[in-house]
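# Observations on the three-dimensional arrangement
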Amino acid sequence: MQTIKVELERNSYEVRVGAGILPRAGAWLRDLGYSGKAVIITDTTVKGLYADVLSGGLARAGFSGGILEIPPGEGLKTLEIAGGLYERLTDAYVERTTPVIALGGGVIGDIAGFVAATYLRGVPLVQVPTTLLAQVDSSVGGKTAVDHGLLKNMIGAFYQPRLVIADVDTLKTLPADELSNGMAEVVKHAAILDAGLFHYLEKNIAEIMARDAGVLEEIVARNVRIKAGVVAQDERETGLRAVLNFGHTVGHAVEAVSGFTLKHGQAVAIGMAAEAEISRRVGKLNDDAVSRLKNLLVEAGLPVSVLDIDIEAVVSAMRHDKKVTAGHVRFVLLDAIGEAYVTDAVSPSLVREVLSGHG
Ligand SMILES: NC(=O)c1ccc[n+]([C@@H]2O[C@H](COP(=O)([O-])OP(=O)(O)OC[C@H]3O[C@@H](n4cnc5c(N)ncnc54)[C@H](O)[C@@H]3O)[C@@H](O)[C@H]2O)c1
Ligand SMILES: [Zn+2]
């Protein structure tokens, strides 16, 4: 097992990463000073797979409490579903000191995190991420959110968990496309901040895709260290944390224009390939680095280009992204693998050229 500390002034916490650690959650919660009740929020799929192991460990540590389940799917990360959860927390007599445990992927982490942040003005939150994306990205950093109509992730709160438990054995049951989806953020972290990790990924991509527990523990831990480092320096996303948006300027736009038929990771992979190409055309990234990035994405089961997409709609969607400040579209570009910088000096015509594969 590896332990990573997320250093924040008043809100520090540990992320524990390992194989087969789920049953230990109860004892760890007791060590943190909790007792009595603990409530699990999960989705139907994950409940069937892992709720028994988790609640067994909780019971052995003397906890009682229920399991609140919602159907899986991004479409249900809504205020309405959150409202239902508040009612069920009331029915379960959840108090200010009762930990809420988010067991599942990023959807569960976001909505259960949002509910924990707001119910009784905040109850303790424990993240137990079960997708690669949630283990390397969404469970660390304290962003919680629900969607509301067209406002995706725009109703939310910064709310840090008390503990994150990432059991890489849970990734064995993850569908292949979900593993690839998480790999997009893994490749992103390496590409912006860690050339050593990038090399490790290139060497071990087959083991990762075959879900070798030792290799998965290593990549999850290394990714958490990267994300934790960025978050510790910029908890509320005012500066440095922006580099985490590599691939996301084009990616978010492509995702929206596809009508969300592309998964987030697929759209970000297309976005990273495009933004790497933009980095090359502005004279920063060399040819070899662009090919290495694309090859790694392909080996991780991700797309690097998009055939039938309305390029004008993508350019227009980029201008309407929530991260646009003072009318400038902000890009994260690469100087080299492992070195990123932020700029708003990318012309729409260059984006058009790169997306259409011309120029
Ligand atoms: N808060 C943040 O900083 C942050 C960052 C990135 C993404 N997100 C959010 O994360 C969400 C996406 O998360 P996700 O990709 O984990 O998707 P998800 O939570 O929808 O999970 C994907 C699917 O996998 C299933 N699943 C989960 N764990 C499983 C397991 N171990 N075995 C088998 N099936 C399993 C789920 O039931 C679901 O059907 C989005 O809502 C996105 O906005 C948040
Ligand atoms: Zn992302």
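Below, the structure is looked at part by part. (Residues numbered from 1 in each chain as written. Chains lettered and ligands numbered in written order. Predicted model: local features only at pLDDT ≥ 70, side-chain atom pairs only at ≥ 80, totals over all residues. Heavy atoms only, no water.)

### Observations concerning the overall build of the chain
Along the backbone of the chain there are 13 helices and eleven strands. The C-alpha extent of the chain, read off along each of the three principal axes, is 65 × 40 × 35 Å. The buried share of the chain, taken over its 359 residues, is 52%. Looking at the chain alone, contacts between residues at least 24 apart form 75% of all its contacts between residues at least 6 apart. Here the chain displays about 14800 Å² of accessible surface, and carbon together with sulfur accounts for 51% of that area. The positive charge centre, built from 35 side chains, and the negative charge centre, built from 43, are 5 Å apart in the chain. (Helix = DSSP H or I, 4+ residues; strand = E, 2+ residues; numbered from the N terminus. Buried < 20%, exposed > 50% of the residue type's maximum accessible area, 1.4 Å probe, protein only. Contact = heavy atoms within 4.5 Å. Areas by Shrake-Rupley, 256 points an atom, 1.4 Å probe, with all protein chains shown as cover. Lys, Arg positive; Asp, Glu negative; His and termini not counted. Charge placed at Lys NZ, Arg CZ, Asp CG, Glu CD.)

### What to know about the site of ligand 1
Neighbouring ligand 1 are 27 residues, the closest being Glu74, Gly106, Thr130, Thr131 and Thr173. Within the contact set of ligand 1, an oxygen atom lies 2.7 Å away from a backbone nitrogen or oxygen of Gly106. Contact between ligand 1 and Thr130: a nitrogen atom at 2.7 Å from a side-chain N or O atom of the residue. Surface burial for ligand 1 is 86%, taken as the share of its 860 Å² of free accessible area covered by protein chains. A breakdown of the residues in the shell around ligand 1 according to their chemical character gives eight nonpolar, ten polar and nine charged. (Near = heavy atom within 4 Å. Polar contact = N/O pair within 3.5 Å; in protein donor to acceptor, adjacent residues only side chain to side chain. Nonpolar A, V, L, I, M, F, W, Y, C, P; charged D, E, K, R; others polar.)

### Side note on the packing of aromatic side chains
Under the criterion given, the structure shown has one aromatic pair. Judged by centre distance (6.2 Å) and plane angle (15 degrees), the ring pair of Tyr86 and Tyr119 falls under stacked. Of this pair, Tyr86 sits in helix H3 (residues 79-91) while Tyr119 sits in the loop between helix H4 (106-118) and strand E6 (125-129); the two residues are 33 residues apart in sequence, bridging distant segments of the chain. On the basis of relative accessibility, which here comes to 10%, the residue Tyr119 falls in the buried class. Between Lys284 and the ring centre of Tyr341, over which it is positioned, the NZ or CZ distance is 5.1 Å. (Phe/Tyr/Trp six-rings, centres within 6.5 Å; stacked < 30°, edge-to-face > 60°. Lys NZ or Arg CZ within 6 Å of the ring centre and 35° of its normal.)

### Quick notes on the sheet that holds strand E3 (residues 39-43)
Judged by pairing direction, the sheet is mixed, and its seven strands sit side by side in the order E1-E2-E9-E6-E5-E3-E4 without closing on themselves. Only two strands of the sheet have a single partner each, and these edge strands are strand E1 (2-6) and strand E4 (67-70). Recorded for the sheet is a direction-independent mean angle of 15 degrees between the axes of neighbouring strands. The pairing of E1 with strand E2 (residues 13-18) spans five bridges and is classified as antiparallel. When the bridges of E2 are listed, Thr3 appears paired with Arg16. Sheet strands in contact with H4 are E3, E4, strand E5 (100-104) and E6, and its direction is about 165 degrees off that of E5. (Pairing = 2+ DSSP bridges. Axes fitted to C-alpha atoms, helices over the stretch in contact; angles between N-to-C directions.)

### Looking at the packing of helix H9 (residues 248-257) against helix H12 (residues 311-319)
Where H9 contacts H12, the two axes come as close as 8 Å, and the packing angle between them is 120 degrees. It follows from the interaxial angle that H9 and H12 lie oblique. Taken as a pair, H9 and H12 cross one another with a handedness that is right-handed. Each of Thr249, Val250, Ala253, Val254 and Val257 in H9 lies in contact with H12, whose residues at this interface are Ala313, Val314, Ala317 and Met318. (Parallel < 35°, antiparallel > 145°, perpendicular 65-115°, else oblique. Left-handed = near helix turned anticlockwise from the far one by under 90°.)

### A short note on the side chain of Arg241
In this fold, Arg241 is placed in the loop between helix H8 (213-233) and H9. On the accessibility criterion, Arg241 (2% relative accessible area) is buried. In contact with Arg241, not counting residues within four places along its chain, are Gly141, Lys143, Phe158, Lys227, Val230, Val231, Asp234 and Glu235.

### Overview of the packing of H12 against helix H13 (residues 348-356)
With their axes 10 Å apart at the nearest point, H12 and H13 run at an angle of 135 degrees to one another. In terms of orientation, H12 lies oblique with respect to H13. Our pair here, H12 against H13, has a crossing hand that is right-handed. Where H12 abuts H13, its residues Ile311, Glu312, Val314, Val315, Met318 and Arg319 lie against Pro348, Val351, Arg352, Leu355 and Ser356. Class assignment of the residues belonging to the contact of H12 with H13 gives a composition of seven nonpolar, one polar and three charged.

### Description of helix H7 (residues 195-209)
The end-to-end C-alpha separation of H7 is 20 Å, in line with the 21 Å expected for 15 residues at 1.5 Å each. Where H7 is concerned, the buried positions are Leu197, Phe198, Leu201, Asn204, Ile205 and Ile208. Taken together, the buried residues of H7 touch helix H6 (176-193), H8 and helix H11 (287-299). N-capping of H7 is provided by Asp194, with a side-chain oxygen placed 3.1 Å from the backbone N of Gly196. Two residues or fewer past H7, Arg211 is found with a positive phi of approximately 60 degrees. (Expected span 1.5 Å × (residues − 1).)

### Quick look at the environment of Ala176
Its place among the elements puts Ala176 in helix H6. It is 30 Å that separates the C-alpha atoms of Ala176 and Arg162, two residues lying 14 residues apart in sequence.

The analysis is restricted to geometry; functional conclusions fall outside its scope.
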